[in-house]
Amino acid sequence: MNVDQSEINKFSALAHQWWCEDGEFRTLHQVNPLRLQFIEQCVGKLNDLRVVDIGCGGGILTESLAYKGAYVTGLDLAEASLSIAKLHLLESGLDIRYLQQTVESLAQQETNNFDVVTCMEMLEHVPDPESIIASCARLVKNDGWLFFSTLNRNLKSYLLSIVMAEYVMNLIPKGTHEYAKYIKPMELIKAARKYGLQAIKIKGVHYNFLTKTLSLGGDADVNYIIAFKKQA
């Protein structure tokens, strides 16, 4: 399978923190409204659309998509994270389908079944990111939307996302990222193009270390998100 068990173990060990807004995943809670806003700016209303969130973790983005009226599936391989996601449904009262399987296997079962595919901060955590891209392209309908977010590979990104974020500011757990797995935007765009995906819009995700706030826009030197459409 296209999975790094050490990555699964890493996130499983922190599963109890998923819904703690001041805990290890606080930056995910901060960036979540920005991601959702970007998705809505591209797609429009999510009401009644079929959406799959790949690498959903504890369900932070997954639930936000469901709150917008979408029929949402959350996919992850970390059993501990999915358990937390399902448990949180008791609090949110949302109807979400959570699945513990690979995106490759789901793509075989539900080809062209989704209007929107989201895959946030996952590509840099798997052995073969292009396999994920290909499977996501297979899942989405023609003219459907796909959203990938990941980290750029350059010195600035290394200094800010690893040195500063992990070791100086302790914003995320140490060892969260491996620089060698970072992906340049053009690498992602070229890989996606092979599977009929056209890049529509790219935004940088910026963290202000002074105000401890996040924003979208400007350069894509560090963290970025790209919106793609599947060509008919």
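So, a few notes on the structure that sits alongside this text. (Residues numbered from 1 in each chain as written. Predicted model: local features only at pLDDT ≥ 70, side-chain atom pairs only at ≥ 80, totals over all residues. Heavy atoms only, no water.)

**Some thoughts on the overall build of the chain**
Here's step 1: What the chain contains, in helices and strands, is eight helices and eight strands.
Here's step 2: Its C-alpha atoms give the chain a radius of gyration of 16 Å, near enough to 17 Å, the size a compact globule of 232 residues would have.
Here's step 3: When the 232 residues of the chain are sorted by exposure, 53% land in the buried category.
Here's step 4: Sequence-distant contacts, at least 24 apart, represent 70% of the contacts inside the chain between residues at least 6 apart.
Here's step 5: Carbon and sulfur atoms form 52% of the exposed surface of the chain, whose accessible area is close to 10,500 Å².
Here's step 6: Put simply, the chain has 23 plus and 26 minus side-chain charges, and the middle of one group is 6 Å from the middle of the other. (Helix = DSSP H or I, 4+ residues; strand = E, 2+ residues; numbered from the N terminus. Rg over C-alpha atoms; globule rule 2.2 N^0.38 Å. Buried < 20%, exposed > 50% of the residue type's maximum accessible area, 1.4 Å probe, protein only. Contact = heavy atoms within 4.5 Å. Areas by Shrake-Rupley, 256 points an atom, 1.4 Å probe, with all protein chains shown as cover. Lys, Arg positive; Asp, Glu negative; His and termini not counted. Charge placed at Lys NZ, Arg CZ, Asp CG, Glu CD.)

**A short note on the pairing of strand β2 (residues 71-75)**
Here's step 1: Extensive coverage of β2 is indicated by the burial of four of its five residues.
Here's step 2: Sheet topology note: the strand β1 (residues 50-54)/β2 ladder contains five bridges and is parallel. Along β2, the bridge assignment pairs D53 with G74.
Here's step 3: Handedness of the β-α-β unit built from β1, helix α3 (residues 60-67) and β2 comes out right-handed.
Here's step 4: The sheet contact formed by β2 and strand β3 (residues 97-99) spans three bridges and is parallel. Residue pairing for β3: G74 is matched across the bridge by Y98.
Here's step 5: Following the chain from β2 across helix α4 (residues 79-92) to the adjacent parallel β3, one finds a crossover that is right-handed. (Pairing = 2+ DSSP bridges. Right-handed = clockwise from strand over helix to strand, strands pointing away.)

**Here's the deal with the environment of Y182**
Here's step 1: Its place among the elements puts Y182 in the loop between α7 (155-168) and α8 (185-193).
Here's step 2: The class for Y182 is buried, based on a relative accessible area of 2%.
Here's step 3: Sequence separation of Y182 and N112 is 70 residues, and the distance between their C-alpha atoms is 28 Å.
Here's step 4: At a separation of 2.8 Å, a polar atom in the side chain of Y182 contacts the side chain of S161. (Polar contact = N/O pair within 3.5 Å; in protein donor to acceptor, adjacent residues only side chain to side chain.)

**Describing the pattern of salt bridges**
Here's step 1: A complete count under the given rule lists 12 salt bridges for this structure.
Here's step 2: E40 is the salt-bridge partner of K68, the closest N and O atoms lying 3.5 Å from each other. Pair noted here: K68 is in the loop between α3 and β2 and E40 is in helix α2 (residues 26-43), with a separation of 28 residues, a long-range link.
Here's step 3: Under the relative-accessibility criterion, K68 is labelled partly exposed at 35%.
Here's step 4: Classification of E40 by relative accessible area gives partly exposed; the value is 28%. (Salt bridge = Lys/Arg side-chain N within 4 Å of Asp/Glu carboxyl O.)

**Let's talk about the environment of G93**
Here's step 1: Along the chain, the position of G93 falls in the loop between α4 and β3.
Here's step 2: Considered as a pair, G93 and R26 are 67 residues apart in the sequence and their alpha carbons are 22 Å apart.

**Some thoughts on the sheet that holds strand β4 (residues 114-120)**
Here's step 1: One open sheet holds the eight strands; their spatial order is β3-β2-β1-β4-β5-β8-β6-β7, and the pairing between them is mixed. Of all the strands in the sheet, just β3 and β7 (213-216) have a single pairing partner and so form its edges. Here the average twist between neighbouring strands, direction ignored, is 15 degrees.
Here's step 2: Direction of pairing for strand β6 (residues 197-208) relative to β7: antiparallel, over a ladder of four bridges. By the bridge assignment for β7, Y207 is matched with L214.
Here's step 3: Across the face of the sheet, α2 comes into contact with β4, β5 (140-151), β6, β7 and β8 (223-230) while running at roughly 15 degrees to β7. (Axes fitted to C-alpha atoms, helices over the stretch in contact; angles between N-to-C directions.)

**Remarks on the nonpolar core**
One recurring pattern in soluble globular proteins: nonpolar side chains tend to sit buried together.
Here's step 1: Membership of the largest hydrophobic core comes to 34 residues, with the highest contact counts inside it found for I39, L46, V51, L65, Y98, V116 and F147.
Here's step 2: Looking at this core, the elements that each hand over two or more residues are α2, α3, α4, β4, β5, β6 and β8.
Here's step 3: Considering each element in turn, this core owes the most residues, six residues, to α2.
Here's step 4: Apart from the residues within four sequence positions on either side, L65 is in contact with L36, I39, L46, V51, A70, V72 and T118.
Here's step 5: By size, the runner-up hydrophobic cluster in this structure holds 31 residues, among which are L106, M122, F148 and L197. (Core = buried A, V, L, I, M, F, W, Y, C linked by side-chain atoms within 4.5 Å.)

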